[in-house]
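# Architecture and fold: a report
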There are 4 protein chains.
Amino acid sequence: MGKGRLEAFSDGVIAIIITIMVLELKVPHDASWEALKHLSPVFLSYVLSFIYVGIYWNNHHHMLHATKSVNGSILWANLFLLFWLSLVPFVTAWMGENHFAQTPVICYGIVLIMNAVAYTILAQLLIKHHGENSILARAVGSDGKGKVSIGIYASAIAVSFIHAWLAVGLYFLVAVIWFIPDRRIERNMKDAHD
Amino acid sequence: MGKGRLEAFSDGVIAIIITIMVLELKVPHDASWEALKHLSPVFLSYVLSFIYVGIYWNNHHHMLHATKSVNGSILWANLFLLFWLSLVPFVTAWMGENHFAQTPVICYGIVLIMNAVAYTILAQLLIKHHGENSILARAVGSDGKGKVSIGIYASAIAVSFIHAWLAVGLYFLVAVIWFIPDRRIERNMKDAHD
Amino acid sequence: MGKGRLEAFSDGVIAIIITIMVLELKVPHDASWEALKHLSPVFLSYVLSFIYVGIYWNNHHHMLHATKSVNGSILWANLFLLFWLSLVPFVTAWMGENHFAQTPVICYGIVLIMNAVAYTILAQLLIKHHGENSILARAVGSDGKGKVSIGIYASAIAVSFIHAWLAVGLYFLVAVIWFIPDRRIERNMKDAHD
Amino acid sequence: MGKGRLEAFSDGVIAIIITIMVLELKVPHDASWEALKHLSPVFLSYVLSFIYVGIYWNNHHHMLHATKSVNGSILWANLFLLFWLSLVPFVTAWMGENHFAQTPVICYGIVLIMNAVAYTILAQLLIKHHGENSILARAVGSDGKGKVSIGIYASAIAVSFIHAWLAVGLYFLVAVIWFIPDRRIERNMKDAHD
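In this text the structure is predicted, and so the values were computed from the model without any measurement.

Next up on the list: the side chain of S86(D). Counting through the fold element by element, S86(D) comes out in helix 4 (residues 72-86). Under the relative-accessibility criterion, S86(D) is labelled buried at 1%. A polar contact of 2.5 Å, which involves the side chain of S86(D), links it to the side chain of Y46(A). The residues contacting S86(D), other than those within four sequence positions of it, are V22(A), Y46(A), F50(A) and I17(D).

Now the structure itself:
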């Protein structure tokens, strides 16, 4: 089974998710800087989630680039990932509108954990389908970053009981970790193409 | 006539349908677990419909994968299917927000029946266009699952007069039936490619 | 310049337009058949516009299928068409929510006229770019249907001063005219491929 | 790394941005011409932004058409551009609903500047990746228009302190500058293909 429509459908869903989040930036009724300032937590929350969804799109792009074909289980694992990504706009808006209160901050962390779990399942199924010695398996690697991320998300939920902003700081930390380009993967990909 | 844009357009519409459903998960104004708990029927309803739309995308993907070309009638049959899929977010939200009351549960069933009917029409037109002995005809098969599904939806509407949750249970049952991968079709597809 | 991204972008915009219209079917707060019945004009208005946008997608699909390449003017003519299509959800909802009152019915007609005009401009630019003897020019033909449609839209606006529903009837009439497959075009397309 | 999915994802996001802006044209509750007239600043603001997003799609289309491959930095620069584009619907609606009051008009200008900056970064990274003598470098050229645009946006913010409508006039001026097809680029592109 070809991967073309899986990529197209995922691109579509992720494009919509990243864009509808901005709809939660509700247009204020008055035209003052004060009104804009009042929106700043919602905006900060939007920036964080935009980076996260961007990272997922980026990684999904890389992983499927190295994919040769897919099967039924992979289609469902991909939908499972898209399901958890689809909850990002909801927790983003809830967290922003409540000025990073503890409960939404915890839920945001849970959704991030579930996204990471879903991504790992998808990666494992793809590796299984292509074989342990495939380019894909080498490109995905041991996924150390993914495991570290889940650990940091869990810590963030724990420290949110001290102060919710500590958790938010950890969420930004994970975003920074992923943002720094992973030279090793790009090199592997490049080698594979040479 | 090529099938490329039909796939692209369908992917686009289905991607939007599956994603805008989440907009009905209205962000609560307070940051409590209580507020989240209050959303649970809407969430459950969202999960059910996400699975259904996922199944339709999956089956549509498979069926069009085996398609060689399309004609004007097929374009319209496809739009007819997309029309009924586009009503899924509406009945999903209505059912969830009214905590699975009988009337919305019945309407949900009617929309599912119409989707199944529209899918069957599309499948029949595709088979007619490709010939009874085509790979497509073999891949789609006698569509036993489709017929059973319509039967269960109709039963669900009937039992909703006893208790609406019985109907919801049957809707989940159909989702489970489709969720279990249909080995026969995948094998047929595989054979056809060998 | 290739036509691939023009098709992809147009598919995306048209897919979103046809789907966000359903967001105007506002979920009623109570779970009664009465509440649903109250939505019937909005639903009827949605059905009409779904058919119209479907027709535009269908015709756009056909016309670009016969297109070899595009230029800057064609890109802008296409955006001009997408602009008027993007106003369809607005006039659809306005007309439906006001139970087909005269002013929204007239505006709906104006938007339909502008869509037809924009489509004609796009078609003319494509024909000019490909030459009068191209497959595209033959496939698009003299566009009799398009001219008749604009005439009926104008008549609809005129008769809306007698009764708004007469205009709505004419809008449905145009939809029916387009819905009937245009055998001549399909045959031309087919011949061109043989 | 191929450019296919980058184009597809960007098309998706830009298609959604250009379309969801129309959702801010809130359907009036009464069916009068008066109600429609009341919407005219929102409509004017929509037209301006539709043209801007159209220009960005158009230029993005041209630039990526001349692109051979992309790398990690380019993916992120593209996401940075999409982020600022995603804020266009927000400032558009804010500016329109407040009848072009000074604060939203300034914010609109800031978002336009950031879009222009993000586009320039993307262009520079693409040129660096392809080499100074590549077709892409020639096609993008010295980006005089981009620099002039940023200058006019900054002037617009300055003159908004005299009268906000002067700024709006300058925003339309930039749109007109870009709207006039850039014969030089199209010729370069054409030469490159010959």
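Before going further, it helps to spend a moment on the pattern of salt bridges. Residue and element names in this part refer to chain C. Throughout the structure, instances matching the rule amount to 4 salt bridges over all chains. K26 serves as the salt-bridge partner of E24, at 3.4 Å between the closest nitrogen and oxygen. Owing to a relative accessible area of 18%, E24 belongs among the buried residues under this scheme. On the basis of relative accessible area, K26 is assigned to the partly exposed category, the value being 49%.

All right, on to the UniProt feature "transmembrane region" (unreviewed entry) in chain A then. Residues and elements named next belong to chain A. Residues annotated by UniProt as "transmembrane region" (unreviewed entry) correspond here to residues 6-23, 35-55, 75-94, 106-127 and 152-180. Counted over residues 35-55, helix gives 95% and strand 0%. Its end C-alpha atoms are 31 Å apart. For residues 106-127, the helix share is 100%, the strand share is 0%, and the end-to-end C-alpha distance is 31 Å.

What follows concerns the interface of chain C and chain D. Residue-level contacts link 31 residues of chain C with 37 residues of chain D. Between chain C and chain D, a total of about 3,000 Å² is buried, with carbon and sulfur atoms accounting for 75% of that surface. If you look at where chain C meets chain D, you find 0 salt bridges. Viewed at the interface, chain D and chain C are joined by 4 residue pairs in polar contact (both at pLDDT 80 or more). Of all the secondary structure elements, the ones that give two or more residues to the side of chain C that touches chain D are helix 1 (4-20), helix 4 (72-86), helix 5 (88-97) and helix 6 (102-130) of chain C. Here the side of chain C that touches chain D gets 9 residues from one element, more than from any other, and that element is helix 1 of chain C. Its residues assigned to classes, the side of chain C that touches chain D shows 21 nonpolar, 7 polar and 3 charged.

Moving on to the relation of the copies chain C and chain D. Between the two copies, chain C and chain D, the superposition gives an RMSD of 0.0 Å; the rotation angle is 90 degrees and the shift along the axis is 0.0 Å. Taken together, the rotation and translation relating the two chain copies correspond to the operation of a four-fold axis. Relative to the rotation axis, the C-alpha of G12(C) is the closest in chain C, positioned 4.3 Å from it.

The interface is formed by 37 residues belonging to chain B together with 31 residues belonging to chain A. For the chain B and chain A pair, buried surface summed over both sides reaches about 3,000 Å², with 75% attributable to carbon and sulfur atoms. Inspection of the region where chain B meets chain A yields 0 salt bridges. For the interface between chain B and chain A, the tally reads 4 residue pairs in polar contact (both at pLDDT 80 or more). Taken together, the elements giving at least two residues each to the side of chain B that touches chain A come down to helix 1 (4-20), helix 2 (33-38) and helix 3 (40-65) of chain B. Considering every element that reaches the side of chain B that touches chain A, the biggest residue donor is helix 3 of chain B, with 14 residues. Along the lines of polarity and charge, the residues of the side of chain B that touches chain A split into 22 nonpolar, 10 polar and 5 charged.

Before going further, it helps to spend a moment on helix 4 of chain C. Relative to the 21 Å expected for 15 residues at 1.5 Å per residue, helix 4 of chain C spans 21 Å between its end C-alpha atoms, a close match to the ideal helical length. A distance of 3.2 Å separates the backbone nitrogen of S73(C) from a side-chain oxygen at the start of helix 4 of chain C, and that oxygen is part of N71(C).

What counts and what doesn't
- Residues numbered from 1 in each chain as written.
- Chains lettered and ligands numbered in written order.
- Predicted model: local features only at pLDDT ≥ 70, side-chain atom pairs only at ≥ 80, totals over all residues.
- Heavy atoms only, no water.
- Helix = DSSP H or I, 4+ residues; strand = E, 2+ residues; numbered from the N terminus.
- Buried < 20%, exposed > 50% of the residue type's maximum accessible area, 1.4 Å probe, protein only.
- Polar contact = N/O pair within 3.5 Å; in protein donor to acceptor, adjacent residues only side chain to side chain.
- Contact = heavy atoms within 4.5 Å.
- Salt bridge = Lys/Arg side-chain N within 4 Å of Asp/Glu carboxyl O.
- UniProt positions renumbered as here; feature names shortened; annotations may be inferred.
- Buried area = accessible area lost by both parts, 1.4 Å probe.
- Nonpolar A, V, L, I, M, F, W, Y, C, P; charged D, E, K, R; others polar.
- Least-squares fit on C-alpha atoms with pLDDT ≥ 70 in both.
- Expected span 1.5 Å × (residues − 1).

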